[in-house]
Amino acid sequence: MILHCISALPTIIGRANLRRLTIILLFILPIILWGQTKTEKFFFDDNWESCDSVTAKYVSVRSNPDQESKKGTIRIYLLTGQLISDRQYSDVKLSRLDGVSKNYYENGILQSESNFVGGKLNGELTTFYTNGQLRRKDKFENDMLVSGNCYTIEGKDTTHFDYLVMPQYPGGEVALQKYISENVKYPGKARRKEISGTVIVAFVVNKYGIVSKVRVLQSVDNLLDREAVWVVKLMPRWKPGLLEGEKASVLFNLPIIFKLK
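Asker: Break down the packing of aromatic side chains for me, with residues and values.
Answerer: Counting across every chain of the model gives 8 aromatic pairs. Ring centres of Y169 and Y179 lie 5.9 Å apart, and the angle between their planes is 45°; on these two criteria the pair is classed as tilted. Of this pair, Y169 sits in the loop between β16 (164-165) and α2 (172-183) while Y179 sits in helix α2, placing them 10 residues apart in sequence. Take Y169 and Y179: they sit in the same class, and that class is buried.

Set out below in structure tokens:
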């Protein structure tokens, strides 16, 4: 199964920005390419690597109501036609969830159902075992857990634990801030051309803590894009995240701001 720099020196990413990192589990969200048509299909193999339809295990279908709107849905199917994910977005390109999200086991049993508003959990998050038995029932407000209950596969109450534990950069947020500030350099050519803006880089921290699948979600210029991607690719291993108590891959969207004084 599958989450700033000013002039020549980068600004340290603040705690609030880190909390706003968009988090999406890799096993329910493969890499989505931004296109112009109303409906697009992308094929992925068993490791969620992009591939052709012959070697694919999954097909991701993205639909937009019109070419001007950022809203849309992403549904992921097995090649057999079995639906395994159905998610609604206010911004498909930036993976900003909005509305009901449902995920299914490969046997068709509902795995989880949650509600998002503006990319944040709001309302109930329910998960189920492969036999359909309720596994947890949590309530969120603005991404904060309000109450929660966990159950055994026999349906009995058990000790509650967090549904998702985020991966952690070695040394924590302060160490990550230091890494960004020490490694992101404003490209001289971009500064001379007075190019500035925010590059949003998506990357996966897999279940082994390795940073992978680095890509640009929001581009500014090739010079700034390459610098942002280079710095993310050089990150050391993280402490892996946990989903339902098990190691899982997590996708981040990380904004890196290049601003001229």
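Asker: Go over unusual backbone geometry with me, naming the residues and quoting the values.
Answerer: A positive phi angle is found at D143, which is not glycine, with a value near 75°. Backbone geometry at K213 places phi at a positive 50°, although glycine is not the residue there. When you line up the elements, K213 lands in strand β18 (residues 211-218).

Asker: Go over the confidence of the model for the protein with me, naming the residues and quoting the values.
Answerer: Counting all residues, the mean pLDDT for the protein is 83, and 84% of those residues have values of 70 or more. The model gives residues 1-37 a pLDDT under 50, and that stretch makes 122 contacts with residues more than four places away or in other chains.

Asker: Run through the sheet that holds β16, naming residues and quoting values.
Answerer: Pairing within the open sheet is antiparallel, and its 3 strands lie in the order β16-β19-β20. Either end of the sheet is taken by a strand with one partner, and the two such strands are β16 and β20 (246-248). In terms of strand pairing, β16 meets strand β19 (residues 241-243) through 2 bridges, oriented antiparallel. Across the sheet, V165 pairs through a bridge with L242, a residue of β19.

Asker: Now, about the nonpolar core: what can you tell me, with residues and values included?
Answerer: Considering soluble globular proteins, one finds that nonpolar side chains tend to be buried as a cluster. If you look at the biggest cluster of nonpolar residues, it comprises 27 residues, and the most contacted ones within it are F203, V211, V232, M235, W238 and F258. Of all the secondary-structure elements, those providing two or more residues to this core are α2, β17 (197-205), β18, α4 (222-233) and β21 (250-259). A total of 6 residues in this core trace back to one element, the largest contributor, which is α4. In contact with V232, not counting residues within four places along its chain, are V201, F203, V211, V214, L254 and I256. Counting 18 residues, the second largest nonpolar core, distinct from the first, contains F44, L97, Y163 and L243.

Asker: Tell me what's going on with the environment of Y208, and back it up with residues and numbers.
Answerer: Checked against the element boundaries, Y208 lands in the loop between β17 and β18. Owing to a relative accessible area of 53%, Y208 belongs among the exposed residues under this scheme. With 33 residues separating them in the primary sequence, Y208 and G241 have C-alpha atoms 9.1 Å apart. Setting aside residues no more than four positions away along its own chain, Y208 makes contact with R237, W238 and P240.

Asker: How would you sum up the pattern of salt bridges? Please name residues and give values.
Answerer: Inspection of every chain in the model, using the stated rule, returns 10 salt bridges. Between E40 and R62 there is a salt bridge; the shortest N-O distance is 2.3 Å. With a gap of 22 residues between them, E40 in strand β4 (residues 39-44) and R62 in strand β5 (residues 58-63) connect regions that are remote in the sequence. There is no split in this pair, since E40 and R62 are both buried. Note that R96 is salt-bridged to D91, the shortest N-O span being 3.7 Å. When salt bridges that share partners are traced, they join R135, R136, D138 and E244 into one network.

Asker: Describe a positive patch on the surface, with residues and values.
Answerer: Taken together, K189, R191, R192, K193 and R226 make up a surface patch of like positive charges. Among the structural elements, R191 can be located in helix α3 (residues 188-192).

Asker: Please give an account of α4 that cites residues and values.
Answerer: Across its 12 residues, α4 extends 16 Å between first and last C-alpha, which sits within 8% of the 16 Å expected from 1.5 Å per residue. Where α4 begins, one side-chain oxygen reaches toward the backbone nitrogen of L223, 2.8 Å away; that side chain belongs to D221.

Asker: I'd like a rundown of the environment of K213, residues and numbers included.
Answerer: Separated by 164 residues in the primary sequence, K213 and E49 have C-alpha atoms spaced 9.1 Å apart. A polar contact is formed between the side chain of K213 and the side chain of E49, at a distance of 2.8 Å.

Asker: How would you sum up the environment of V199? Please name residues and give values.
Answerer: Position of V199 among the secondary structure elements: in strand β17. With a relative accessible area of 0%, V199 lands in the buried category. A sequence separation of 57 residues divides V199 from I256, and the C-alpha atoms of the two residues are 5.2 Å apart. V199 has contacts with V216, Q218, V220, L224, D225, A228, L254, P255, I256 and F258, leaving out every residue within four places of it along the chain.

Calculation notes
- Residues numbered from 1 in each chain as written.
- Predicted model: local features only at pLDDT ≥ 70, side-chain atom pairs only at ≥ 80, totals over all residues.
- Heavy atoms only, no water.
- Phe/Tyr/Trp six-rings, centres within 6.5 Å; stacked < 30°, edge-to-face > 60°.
- Helix = DSSP H or I, 4+ residues; strand = E, 2+ residues; numbered from the N terminus.
- Buried < 20%, exposed > 50% of the residue type's maximum accessible area, 1.4 Å probe, protein only.
- pLDDT = per-residue confidence, 0-100.
- Contact = heavy atoms within 4.5 Å.
- Pairing = 2+ DSSP bridges.
- Core = buried A, V, L, I, M, F, W, Y, C linked by side-chain atoms within 4.5 Å.
- Salt bridge = Lys/Arg side-chain N within 4 Å of Asp/Glu carboxyl O.
- Patch = residues over 30% accessible without salt bridge, like charges linked within 9 Å, V, L, I, M, F, W, Y side chains within 5 Å.
- Areas by Shrake-Rupley, 256 points an atom, 1.4 Å probe, with all protein chains shown as cover.
- Lys, Arg positive; Asp, Glu negative; His and termini not counted.
- Charge placed at Lys NZ, Arg CZ, Asp CG, Glu CD.
- Expected span 1.5 Å × (residues − 1).
- Polar contact = N/O pair within 3.5 Å; in protein donor to acceptor, adjacent residues only side chain to side chain.

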